[in-house]
Amino acid sequence: MSSHCDENIYLLGRDEAETERLNKQHRFLVAVSGGELIHPSIPKAKITAVADIGTGTGVWLADLANRLPNASSIYFHGFDVSDAQFPPENTITQATGQKIPLSVQDALKPYAPEHQGRYDLVHIRLLTAGLRQGDYASVLNNARDLLKPEGWIQWEEVDHTTFCTNKIPENPVITKMRNTTIDAMLTLGLWPFAPQRVYDEISAARFQNVRRETYTTVGKEHLHETASKWVANVMRAMVPPSMVVNGQARNDQEAKVKVEVLIREFERHCEDALPLVNFGVTVAQRSG
Ligand SMILES: C[S@@+](CC[C@H](N)C(=O)[O-])C[C@H]1O[C@@H](n2cnc3c(N)ncnc32)[C@H](O)[C@@H]1O
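The numbers attached to residues start from 1 for each chain and follow its sequence in the written order. This being a predicted model, a pLDDT of at least 70 is required before a residue's local features are given, and a value of 80 or more before pairs of side-chain atoms are given or counted; all residues contribute to the totals for chains, interfaces and linings. Heavy atoms throughout the structure, all of them, feed into the side-chain values; hydrogens and water do not.

(A) Summary view of empty space enclosed by the protein. Note on definitions: the grid is 1 Å and covers protein atoms alone; a cavity is a set of points where a 1.4 Å probe fits but cannot get out; a pocket is an open set with protein on both sides within 12 Å along at least five of seven lines; lining residues have an atom within 4 Å of a point. Grid points are joined across faces, edges and corners, and a volume is the space filled by probe spheres set on the points. Under the counting rule described, the total for this entry stands at one cavity of 30 Å³ or more. Size it by volume and the largest cavity reaches roughly 50 Å³. As for the largest cavity, its lining consists of Phe163, Cys164, Val173, Ile174, Met177, Val231, Met235, Phe266 and Pro275. Numbering of helices and strands starts at the N terminus; helices are DSSP runs of H or I of at least 4 residues and strands are runs of E of at least 2. Among the secondary structure elements, those contributing two or more residues to the lining of the largest cavity are helix 4 (172-188) and helix 6 (224-246). When residues of the lining of the largest cavity are assigned to their parent elements, the largest contribution, three residues, is made by helix 4. Residues are sorted three ways: Asp, Glu, Lys and Arg are charged, Ala, Val, Leu, Ile, Met, Phe, Trp, Tyr, Cys and Pro are nonpolar, and all the rest, Gly among them, are polar. The class makeup of the residues in the lining of the largest cavity is nine nonpolar, no polar and no charged.

(B) Region of the structure containing the confidence of the model for the chain. pLDDT measures the predictor's confidence residue by residue and takes values from 0 up to 100. Looking at the chain as a whole, its pLDDT mean stands at 94, while 98% of the residues score no less than 70. Predicted confidence for residues 1-6 stays below pLDDT 50, and this span has 16 contacts to residues more than four positions away or in other chains. Residue contacts follow a heavy-atom distance rule, with two residues in contact if any of their heavy atoms lie within 4.5 Å.

(C) The pattern of salt bridges, seen in detail. Salt bridge criterion: a side-chain nitrogen from Lys or Arg within 4 Å of a carboxyl oxygen from Asp or Glu. For the structure shown, the criterion picks out 17 salt bridges. Arg178 is paired through a salt bridge with Glu170; the nearest N and O atoms lie 2.9 Å apart. Only protein chains enter the calculation, and the probe is 1.4 Å; a residue is then buried if its accessible area is under 20% of its type maximum, exposed if over 50%, and partly exposed in between. The class for Glu170 is partly exposed, based on a relative accessible area of 29%. If you follow the salt bridges from partner to partner, you end up with Arg236, Glu260 and Glu267 in one network.

(D) View of the pairing of strand 8 (residues 147-158). Within strand 8, nine of the twelve residues are buried, leaving the element largely enclosed by the surrounding structure. The criterion for strand pairing is that DSSP finds at least two bridges linking the strands in question. Both strand 7 (residues 119-125) and strand 8 contribute to a ladder of six bridges, which runs parallel. Bridged to Tyr119 within strand 8 is Leu147. Crossovers are marked right-handed if the path from the first strand over the helix to the second runs clockwise, as seen with the strands pointing away from the viewer. For the segment spanning strand 7, helix 3 (residues 135-146) and strand 8, crossover handedness is right-handed.

(E) Region of the structure containing helix 2 (residues 59-67). In terms of burial, helix 2 is largely enclosed, as seven of its nine residues are buried. Turning to helix 2, its buried residues are Val59, Trp60, Leu61, Ala62, Asp63, Leu64 and Ala65. Structurally, helix 2 contributes buried residues whose contacts are with helix 1 (16-32), strand 3 (49-53), strand 4 (75-80), strand 5 (91-93), strand 6 (99-104) and strand 7.

(F) Geometry of the sheet that holds strand 10 (residues 207-215). Strand order in the open sheet made by the eight strands is 5-6-4-3-7-8-12-10, with mixed pairing throughout. Looking at the sheet topology across the chains shown, the edges are occupied by strand 5 and strand 10. Between one strand and the next, the sheet's axes are offset by a mean angle of 15°, whatever the strand orientation. Note: strand 8 against strand 12 (residues 279-286), seven bridges, orientation antiparallel. When the bridges of strand 12 are listed, Ile153 appears paired with Ala284. Axes, fitted as lines to C-alpha atoms, cover a helix only where it is in contact. Angles between the N-to-C directions of the axes lie from 0 to 180 degrees.

(G) Just the packing of aromatic side chains, in detail. Classification of ring pairs uses Phe, Tyr and Trp, with its six-membered ring standing for Trp, and accepts pairs whose centres are within 6.5 Å; under 30 degrees between planes counts as stacked, over 60 as edge-to-face, and the remaining range as tilted. Inspection of the entire model under this criterion finds six aromatic pairs. Geometrically, the ring pair formed by Tyr75 and Tyr119 is tilted, given 6.3 Å between the ring centres and 35° between the ring planes. Taken together, the residues span a long stretch of sequence, with Tyr75 in strand 4 and Tyr119 in strand 7 at a distance of 44 residues. Here Tyr75 falls in the partly exposed class, since its relative accessible area comes to 26%.

(H) Representation of the layout of surface pockets within the structure. Looking at the largest pocket, its volume works out to about 680 Å³. Contributing to the lining of the largest pocket are 42 residues, with Tyr10, Gly54, Asp80, Leu126 and Leu127 lying nearest its centre. Elements supplying a minimum of two residues to the lining of the largest pocket: strand 1 (3-5), strand 2 (8-10), helix 1, strand 3, helix 2, strand 4, strand 7 and helix 6. Empty space within the second largest pocket amounts to approximately 380 Å³. Lining the second largest pocket are 19 residues, and of these Ala17, Glu18, Arg236, Ala237 and Lys256 lie nearest its centre.

(I) Structural context of the environment of Gln285. Locating Gln285 in the fold gives a position in strand 12. With sequence-adjacent residues up to four places away left out, Gln285 is seen in contact with Glu150, Gly151, Trp152, Phe207, Gln208 and Asn209. Definition of a polar contact: a pair of N or O atoms within 3.5 Å, with one able to donate and the other able to accept a hydrogen when the atoms are protein atoms, and with sequence-neighbouring residues admitted only if both atoms are side-chain atoms. Within the structure, Gln285 has its side chain in polar contact with the side chain of Asn209 (distance 2.8 Å).

(J) Focus on the site of the ligand. One heavy atom suffices: a residue is near a molecule or strand as soon as one of its heavy atoms comes within 4 Å of it. Taken together, 17 residues form the shell around the ligand, and within it Arg14, Gly54, Asp80, Ala107 and Arg125 come nearest. Take Arg14: an N or O atom from its side chain is 2.8 Å from an oxygen atom of the ligand. Within the side chain of Asp80, an N or O atom sits 2.6 Å from an oxygen atom of the ligand. Note on areas: Shrake-Rupley, 1.4 Å probe, and residue coverage restricted to the protein chains presented here. Contact with the protein chains covers 98% of the free accessible surface of the ligand, which is 590 Å². By definition, a pocket or cavity contains a molecule when more than half of the molecule's atoms lie within 2 Å of the pocket's grid points. Comparing atom positions with the cavity grids shows the ligand to sit within the largest pocket.

Here it is as C-alpha cells:
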C-alpha cells in the first residue's frame, strides 16, 4: 500500500510478504548482473567502509559482508527512511558474529557528521518507488557527502517502463500492468525511468570515471523461470497500490483480486515467453 508521511512517499508496502520479496529479489538481481555485488571497475581491495542507502532488509549488505574476504576489517552501515523491514535490534548479525548497524535516515536529508566523508563505497538500489524526479539530485548530493575523496558510488535501478517479454505482439495484460504502474508513479510524482535519471544526475555532478551497465535477461534462458517469478512478484507488489491510486480499484483488497487474474494470464504467457528486464547500474568515483 502506498504511504505518505511528511514529504516522503512510497508506492510499495513494508509487510512480511514484501520483506520476503526483497530478499528473493536480491538473488535474482545479482544473477542478472553476472553474480557480482560490486562492479568490476571498483577496486575491492581498498575498501574499508561501505554504506547502503535505502537498505530495506539489509540483504545486499549482509551478502556483501559474507563475500568479502577482509569483511571483518570493513565497517558496514545501512540506512533507510523506515526501520519496518530491518532485522531485530536494527542490526544484521553475520554467521561470524560480526554486527552491522542499520539506522533510520531519510536519503533526502544530510547525514550526521560522523558519517560524512567516511565511506569508500556507497551503494543504492531500487529507491525509485520512493523518489520524485527532483529528489534524485538531493539523494546523490547527500550520498556524495558520505564518500571519501575518490570514493565510489554504485546506484542500481530497474526501468519500470521496459517490463515486457520477447513475444510480439505484446500480450495485453503486460501492457495493462505496465501502464497502470507508470500512470500511478507519474500521478504520485514518482519517476519510472530511473536508470537514465541516475546516469544523467551522476554525469552532471562532481564525479569521474562514470560508467553505466544495462543488464537484461536477453540471452539468459537459464533465468527464464526466475525472471517470470520475479516480474510476477514485482507486479503483485506494485500494481494493486497503483490501481488504487489510479481509481481502478476501491481498495487494496479489491485491487489484489483483480491483479491475481492478470498475473495468472501473465504466468501462462511466460510458459513460452522470456520476460525482459532492464536493470541499470551506474558507478562513478567522487572527484575531489
Ligand atoms: C524496493 S526497496 C529496496 C531495498 C534494498 N535497497 C534492496 O535492494 O533490497 C526500497 C527501499 O527504499 C527505502 N526508501 C524509500 N524512500 C527513501 C528515502 N527517502 N530515504 C531512504 N530510504 C528510502 C524504502 O523504505 C525501502 O526500504
